[in-house]
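Structural features, examined
Each chain is listed here by its residues.
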Amino acid sequence: MRGAMNILNLHRWDVSPREAMDIQRDLRARLILRDDLGDIRIVAGADVALDMEEHEGCAGVIAYSFPDLREIERQGARQQVTFPYVPGLLAFREAPVLLAALAKLQTEPDVILFDAQGLAHPRRLGLASHMGLLLDKPAIGCAKSRLIGEFEDPGNEVGDYSPLYDRDQVVGAVLRTRKNVHPVFVSQGHKVSLPTCVEIVLKCLDGYRIPKP
């Protein structure tokens, strides 16, 4: 059965790290960093676990109704990982298996959250941004740790956040999702403004540090 997702063929995957960096620089110009999304009725979350003994990636994606976060569908995929570990090139290692899982979805999400960076990336094209372009979908990066940038600690109340700066550019938000717990790092993926990213992440919380999707 054909899935609901349309995946664009924007580049080859069998490339060297240097070629991968060039691809990132080229794709960066295609990003839309303003709100370009309609009503949000379905939100999805996607992530990858790596089995380094088997050199495999295991990807999972779950679609939820929004804003009540009722699970609608979940899909997964497992396949060989061939691209080497290179900081800043996570998409070339993880995106292929993520795309395999997303291709199985029968439910089309309006926005997708990735446990990854978006704009908060040395070349401004983290995994969340890369996936947003490949899927032509609004995408948000919500990472557990910082890749780049400087920030001041946000307040301790849920919803408090501070800007994440790389040089003089705001590349994300450092968001408190639970009192007395380390914040998360939210950044734009594609077709979503930073304030909307923060708003959506907050609406996806269910009492834990990481948003439910």
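Quantities reported herein were computed from a predicted structural model and do not represent experimental measurements. (Residues numbered from 1 in each chain as written. Predicted model: local features only at pLDDT ≥ 70, side-chain atom pairs only at ≥ 80, totals over all residues. Heavy atoms only, no water.)

1. Quick look at the overall build of the protein
Short version of the rule: Secondary structure elements follow DSSP: runs of H or I no shorter than four residues count as helices, runs of E no shorter than two count as strands, and numbering proceeds from the N terminus. Note on method: radius of gyration uses C-alpha positions; expected globular size equals 2.2 Å times residues raised to 0.38. When a residue's accessible area, from a 1.4 Å probe over protein chains only, is under 20% of the maximum for its type it is buried; when over 50% it is exposed; and in between it is partly exposed. Residue contacts are defined here by distance: any two heavy atoms, one from each residue, within 4.5 Å place the two residues in contact. Only the protein chains shown count as cover for residues, and the accessible areas themselves come from Shrake-Rupley with a 1.4 Å probe. A positive count includes Lys and Arg, and a negative count includes Asp and Glu. His and the chain ends are not counted in either. Every charge is mapped to an atom, namely NZ of Lys, CZ of Arg, CG of Asp or CD of Glu.
Secondary structure assignment for the protein yields four helices and eight strands. Taken from N to C terminus, the helices and strands of the protein fall in the order α-β-β-β-α-β-α-β-β-β-β-α. Rg of the C-alpha trace for the protein: 16 Å, near the compact-globule value of 17 Å for 213 residues, within the 12% margin. In terms of overall dimensions, the protein has a C-alpha envelope of 45 × 40 × 35 Å along the principal axes. Each of the 213 residues in the protein was classed as buried or not, and the buried ones make up 51%. Sequence separation of at least 24 residues holds for 64% of the intrachain contacts in the protein that already meet a minimum separation of 6. When the accessible surface of the protein is totalled, it reaches about 10300 Å², and 47% of it is carbon and sulfur. Between the averaged position of the 26 positive side-chain charges in the protein and that of its 29 negative side-chain charges there is a distance of 1 Å.

2. Remarks on the sheet that holds strand S1 (residues 42-51)
For clarity, the threshold we go by: Strands are labelled as partners when DSSP assigns at least two bridges between them. Fitted lines through C-alpha atoms serve as axes, helices being fitted only where they are in contact, and the angles separating the N-to-C directions of these axes extend from 0 to 180 degrees.
Read from one edge of the open sheet, eight strands run S3-S2-S1-S4-S5-S8-S7-S6, paired in mixed fashion. Because the sheet does not close on itself, it has two edges, and the strands there are strand S3 (71-80) and strand S6 (161-166). Strand after strand, the sheet turns through a mean of 25° between neighbouring axes, direction not considered. Sheet topology note: the S6/strand S7 (residues 169-175) ladder contains six bridges and is antiparallel. Directly across from Leu164, in S7, lies its bridge partner Gly172. Packed onto the sheet, helix H3 (residues 127-135) meets strand S4 (111-114), strand S5 (139-143) and strand S8 (184-190) and runs at close to 30° relative to S8. Running over the sheet, helix H4 (residues 194-203) touches S4, S5, S6, S7 and S8 and is turned about 125° from S8.

3. A closer look at the packing of aromatic side chains
Note on aromatic pairs: each is described by the distance of the centres and the angle between the planes. The condition is simple: For Phe, Tyr and Trp, rings pair up if their centres lie within 6.5 Å, where Trp contributes its six-membered ring, and each pair is then called stacked (planes under 30 degrees apart), edge-to-face (over 60) or tilted (otherwise).
Throughout the structure, instances matching the rule amount to three aromatic pairs. Judged by centre distance (5.5 Å) and plane angle (75°), the rings of Phe151 and Phe185 are edge-to-face. Here Phe151 is found in the loop between S5 and S6, whereas its partner Phe185 is found in strand S8, with 34 residues between them in sequence. When its relative accessible area of 27% is taken as the criterion, Phe151 is described as partly exposed. Taking relative accessible area as the criterion, Phe185 reaches 7% and is therefore assigned buried. Among the aromatic residues, ring-to-ring pairing joins Trp13, Phe83 and Phe92 into one connected group.

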